[in-house]
Amino acid sequence: MLTNLTVPLLGLVDTAVLGHLDTPEYLGAVAVGANLFSILYWTFGFMRMGTTGLAAQAWGKRDEFSQIALLLRSLLLAIGIGLLLILLHQPLISLGLTLMNPSERVATLAAEYASIRIWSAPAVLCQYTLVGWLIGTQLPRGPMIMLIVANGLNIVLDVFFVTGLGWNSRGVAMATVMAEYSAAAIGFRMVLQRMPAGQRFERALFGQLRDYLKILQVNRYIMVRTVALLLVLAFFTAQGARQGDTILAANAVLITFLLVISNGLDGFANAAEALIGEAVGKNSRSQFRDVFRVAFRWSLWGSVLFTVAFVLGGRFLISLLTGIEEVRTTAWIYLPWLWLLPLVSVWGFLLDGVFIGATRTRDMQNTMLFSALVVFLPVWWLTTGWGNHGLWFSLICLMLARAISMGWLFISHSRHDRWFSEQ
């Protein structure tokens, strides 16, 4: 949880630094640009989630060779994909901005932000792999140190570049790039310290082409699921942008809080990934049941705590993040939707952890596609007359649909003892 909460903490600082400038355009530009990179990078989020499940199962079997081979091959894939994204960044950024359709000024600032931020691609994807492997091999303290140090540096650079040097959204992008490479460097050092004594980088660890294709094939369902989720969030941002820069900026403030909620509650899901994966690797049904019961209990209390915090302190927190009166008062109007999010979204986060640990990734893909295409889009279309309220209501319905559909599959798999069977 501490590791995950450093991620939205950075977003809070970005929002607070830009939210106190004299125009909402800088905040809107970073909201659009950051959303674009969420889609671009988390398309390859399987580098984190898939690595965790596979590493946890290898850990449960005490198979050191498979653990190290998985790490090395995944890192090579991450570097290759990152370099490819840099090579193709201009058409990708142009396409993303066209689809989001912000105002001309916001689009110009977002393009500048994106052209700097893209250089962090290899570091970000390596981070995903390193964090996934460390969590899967039962060292969650590693990612905590790695991301707290890196995000702490990012915050300091954020304030210095934007407030000190006046670089606005460009400064936020430069701070992020420098912090991402710092995080990757710390992660590399940690995994090297975790290597078995006398381990050499022998030829067999690198594997053959089919080994890399197998990693991609195993994780293709996570990729489709992640793209579907990110397209929903991008659609959310784009629809907000069509309602004006003030709505766009207000939604950016509230989405920052959503990231706090999701990353905080994901701490229980990350633990479930590692421990459920270990249970499946050891073929231990009792450990599987115990892990789920404890994770369920803590997830419930965590969601209640977040709800209470935003009901009591939501207005105050919004005021901390932006001094622009029109953005602040607009965000207050839509704050009640944020109160509902912890209790309706926590179950999807928790069950993601269970399904990832058990490598039941196809189920994750299918439930997300159902939630996005059969629930979110029709609900949004039916509530377009509600304006931004309809947009937030659709997001709530998406989270509910994920919880219900994944919960139904969880009960079905448990009843028929499918968690430990071949897929």
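Residues numbered from 1 in each chain as written. Predicted model: local features only at pLDDT ≥ 70, side-chain atom pairs only at ≥ 80, totals over all residues. Heavy atoms only, no water.

Going by what an unreviewed UniProt entry lists, the chain is known as MATE family efflux transporter and is assigned to Marinobacter iranensis. Per UniProt, the chain carries the Sequence similarities (unreviewed entry) text "Belongs to the multi antimicrobial extrusion (MATE) (TC 2.A.66.1) family." Note on the chain: under the UniProt heading Subcellular location (unreviewed entry), the record states "Membrane". (UniProt positions renumbered as here; feature names shortened; annotations may be inferred.)

Draft legend 1. Quick look at the overall build of the chain. What the chain contains, in helices and strands, is 17 helices and zero strands. Computed over its C-alpha atoms, the radius of gyration of the chain comes to 21 Å, within 12% of the 22 Å expected for a compact globule of 423 residues. The principal-axis extents of the C-alpha atoms in the chain amount to approximately 60 × 45 × 35 Å. Within the chain, the fraction of its 423 residues that count as buried is 59%. Taking the intrachain contacts of the chain between residues at least 6 apart in sequence as the baseline, contacts between residues at least 24 apart amount to 84%. (Helix = DSSP H or I, 4+ residues; strand = E, 2+ residues; numbered from the N terminus. Rg over C-alpha atoms; globule rule 2.2 N^0.38 Å. Buried < 20%, exposed > 50% of the residue type's maximum accessible area, 1.4 Å probe, protein only. Contact = heavy atoms within 4.5 Å.)

Draft legend 2. How the structure looks around the side chain of T137. In this fold, T137 is placed in the loop between α7 (121–136) and α8 (141–164). Look past the residues within four positions of T137 in its chain and what remains in contact with it is A55, W59, Q67 and R194.

Draft legend 3. View of the side chain of H413. In this fold, H413 is placed in helix α17 (residues 388–415). When its relative accessible area of 5% is taken as the criterion, H413 is described as buried. Contact partners of H413, with chain neighbours within four places excluded, come to F355, R360, D363, R418 and W419.

Draft legend 4. Structural detail: a nonpolar patch on the surface. A surface patch of nonpolar side chains, about 730 Å² in accessible area, is lined by F296, L300, W301, V304, V308, V311, L312 and L343. With seven residues, helix α14 (residues 285–321) is the largest single contributor of residues to the nonpolar patch. Mapped onto the elements, W301 comes out in helix α14. On the accessibility criterion, W301 (56% relative accessible area) is exposed. (Patch = residues over 30% accessible without salt bridge, like charges linked within 9 Å, V, L, I, M, F, W, Y side chains within 5 Å. Areas by Shrake-Rupley, 256 points an atom, 1.4 Å probe, with all protein chains shown as cover. Salt bridge = Lys/Arg side-chain N within 4 Å of Asp/Glu carboxyl O.)

Draft legend 5. How the structure looks around the packing of helix α12 (residues 220–242) against α17. For the pair α12 and α17, interaxial distance at closest approach is 10 Å and the crossing angle is 165°. Classed by the angle they form, the pair α12 and α17 counts as roughly antiparallel. Between α12 and α17 lies a crossing of left-handed hand. In this structure, α12 uses R225, L229, V232, L233, F236, Q239 and G240 to contact α17, whose residues at the interface are L391, W392, L395, L398 and R402. Split by residue class, the contact of α12 with α17 holds eight nonpolar, two polar and two charged. (Axes fitted to C-alpha atoms, helices over the stretch in contact; angles between N-to-C directions. Parallel < 35°, antiparallel > 145°, perpendicular 65-115°, else oblique. Left-handed = near helix turned anticlockwise from the far one by under 90°. Nonpolar A, V, L, I, M, F, W, Y, C, P; charged D, E, K, R; others polar.)

Draft legend 6. The arrangement of the pattern of salt bridges in detail. Within the structure shown, the criterion is met by seven salt bridges. Across the salt bridge formed by D290 and R293, the nearest N and O atoms sit 2.6 Å from each other. Taken together, the positions of D290 and R293, both in helix α14 and three residues apart, correspond to about one turn of that helix. Under the relative-accessibility criterion, D290 is labelled partly exposed at 39%. A salt bridge links R328 to E325; the nearest nitrogen and oxygen atoms lie 2.6 Å apart. Here E325 and R328 lie together in helix α15 (residues 325–357), a separation of three residues that amounts to about one turn. You can call R328 buried: its relative accessible area is 18%. A relative accessible area of 43% means that E325 is categorised as partly exposed. Connected through salt bridges with shared partners, the residues R62, E278 and K282 form a single ionic network.

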